Amino acid sequence: MYRLLDHPALAAILRGGLPDRYLNPDDIAEIFDVPVETVYQWRKKRVGPPGFRIGRHVRYDPADVSRYVRERKTEDSAA
């Protein structure tokens, strides 16, 4: 099974930020180390990073994912 972080160039990009392309649910699952079903449940419950549809496919803007992480960090440190 191909893992997103197994690609050396992509792993380096992720350490410095997110890739310069729209992410798919498998990418999100890999980034957050959760099952892909969890990503779909987050979307259904509207609790995870915001995604959008392109036809039948769900995609995530890396800027939205970064913002989501920053907001979670802020909320966590305020608690």
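See above for the structure.
Residues numbered from 1 in each chain as written. Predicted model: local features only at pLDDT ≥ 70, side-chain atom pairs only at ≥ 80, totals over all residues. Heavy atoms only, no water.

S.K.: Could you give an account of the overall build of the protein chain, with specific residues and numbers?
M.R.: A tally of helices and strands in the protein chain yields four helices and two strands. Taken from N to C terminus, the helices and strands of the protein chain fall in the order α-α-α-β-β-α. Of all 79 residues assigned to the protein chain, the portion counted as buried reaches 25%. For the protein chain, restricting intrachain contacts to residue pairs at least 6 apart in sequence, the fraction spanning at least 24 positions comes to 38%. Accessible surface computed for the protein chain: about 5,800 Å², of which carbon and sulfur atoms make up 52%. (Helix = DSSP H or I, 4+ residues; strand = E, 2+ residues; numbered from the N terminus. Buried < 20%, exposed > 50% of the residue type's maximum accessible area, 1.4 Å probe, protein only. Contact = heavy atoms within 4.5 Å. Areas by Shrake-Rupley, 256 points an atom, 1.4 Å probe, with all protein chains shown as cover.)

S.K.: For the nonpolar core, give the residues involved together with the corresponding values.
M.R.: Within the largest apolar cluster, eight residues are counted, these being Leu 23, Ile 28, Ala 29, Val 39, Trp 42, Val 58, Tyr 60 and Val 65. Secondary-structure elements contributing two or more residues to this core are helix H2 (25–32) and helix H3 (36–45). Excluding anything up to four places from it in sequence, Val 39 contacts Pro 25, Ile 28, Ala 29, Val 34 and Tyr 60. (Core = buried A, V, L, I, M, F, W, Y, C linked by side-chain atoms within 4.5 Å.)

S.K.: Would you mind going over H2 in detail, with residue names and values included?
M.R.: Every buried residue of H2 is listed here: Pro 25, Asp 27, Ile 28, Ala 29 and Glu 30. Looking at the buried positions of H2, the neighbouring elements they touch are H3, strand E2 (57–59) and helix H4 (62–78). Sitting at the amino-terminal end of H2 is Asn 24, which places a side-chain oxygen 2.9 Å from the backbone nitrogen of Asp 26. Just downstream of H2 lies Asp 33, where phi reads positive at about 55 degrees. (Polar contact = N/O pair within 3.5 Å; in protein donor to acceptor, adjacent residues only side chain to side chain.)

The values are spatial; any link to function lies outside them.
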